[in-house]
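# Observations on chain architecture
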Amino acid sequence: MERTKARTQHLDNKILFKIQELHGPRLDKAMTFFTLMGNGALIWVFTGIFITLFTQYKYHGVLLIVTIIMTTFSNMFIKSRFNRLRPCDIYKDVPILIRRPMGSSLPSGHTASSFASATILLHIGLIALALAFIISFSRLYLFVHFPSDVLFGLLSGIAVALINIPIALRLI
């Protein structure tokens with residue numbers, strides 16, 4: 001178990017520091033913008049409200065909001081169990097472009113909410129999936145998550161969405 005953990009950490013660090021080589025003024029601004037879009041899952045909440053109020057896909061809008069709430073609770077539970085340090089807390093000499101996030105690194109909440117939302121919105125279009133990938137990458141670029149945090153967030157977000165769909169079908 002320790003050996004696997006050490007290998008994962010080594011691979012996480014290798015990928016994360018390779019991503020740090022991509023920094024430049026334009027990409028810094030873009031990644032900061034995309035990560036802000038994912039803060040508090042607000043882009044997804046607003047999307048859910050918009051879809052519910054102004055489109056024919058009202059069911060998807062309600063399902064999206066319920067899924068975001070469930071993903072938030074799932075993330076809080078998982079984060080409290082793992083309590084993993086963030087890369088910016090371990091490697092304090094690496095400058096970061098955003099305010100240092102609070103709480104555990106595992107899983108990435110931005111990624112979980114983005115992929116949960118993209119899973120729900122796949123019926124409507126693929127743009128949500130592209131945005132989910134960009135928001136998730138921004139967390140690596142901004143040095144606030146390890147790649148395994150993002151991968152776990154991706155998987156947990158999709159899982160919560162897939163669990164919510166049949167439950168919501170019964171309730172709505």
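Structure: above.
Residues numbered from 1 in each chain as written. Predicted model: local features only at pLDDT ≥ 70, side-chain atom pairs only at ≥ 80, totals over all residues. Heavy atoms only, no water.

## Digging into helix α7 (residues 127-141)
Between the first and last C-alpha of α7 there are 21 Å, a value that for 15 residues agrees with the 21 Å anticipated at 1.5 Å per step. A128, L131, A132, I135, S136, S138, R139, L140 and Y141 are the residues of α7 that are buried. Each element contacted by the buried residues of α7 is listed here: α1 (2-19), α2 (25-38), α3 (42-54), α6 (109-121) and α8 (147-171). Once α7 finishes, F143 follows within two positions and takes phi at roughly 65°, a positive value. (Helix = DSSP H or I, 4+ residues; strand = E, 2+ residues; numbered from the N terminus. Expected span 1.5 Å × (residues − 1). Buried < 20%, exposed > 50% of the residue type's maximum accessible area, 1.4 Å probe, protein only. Contact = heavy atoms within 4.5 Å.)

## A word on unusual backbone geometry
A cis amide bond, omega -5°, links L106 with the succeeding residue P107. Positive phi is not limited to glycine here, since A41 has a value of about 60°. Within the secondary structure layout, A41 lies in the loop between α2 and α3. Exposure remark for A41: the relative accessible area of 6% places this residue in the buried category. A positive phi angle, near 65°, is found at F143, a position not held by glycine. Within the secondary structure, F143 sits in the loop between α7 and α8.

## Some remarks on the side chain of S104
As for its placement among the helices and strands, S104 is situated in the loop between α5 (87-90) and α6. Not counting residues up to four positions away in its chain, the partners in contact with S104 are K79, F82, N83, R84 and R86.

## Remarks on the nonpolar core
Counting 20 residues, the largest nonpolar core has W44, I120 and L121 as its most contacted members. Broken down by secondary-structure element, the contributors of at least two residues to this core are α3, α4 (58-82), α6, α7 and α8. Ranked by residues supplied to this core, first place goes to α6 with five residues. Apart from residues lying up to four places away in sequence, I120 is in contact with H60, L63, L64, T67, A161 and I165. The next biggest cluster of nonpolar side chains, apart from the first, holds 13 residues, and it includes L16, V94, V144 and V150. (Core = buried A, V, L, I, M, F, W, Y, C linked by side-chain atoms within 4.5 Å.)

## Focus on the environment of G109
Relative to the helices and strands, G109 is located in helix α6. In contact with G109, not counting residues within four places along its chain, are N75, K79 and H145.

These figures capture arrangement, not role.
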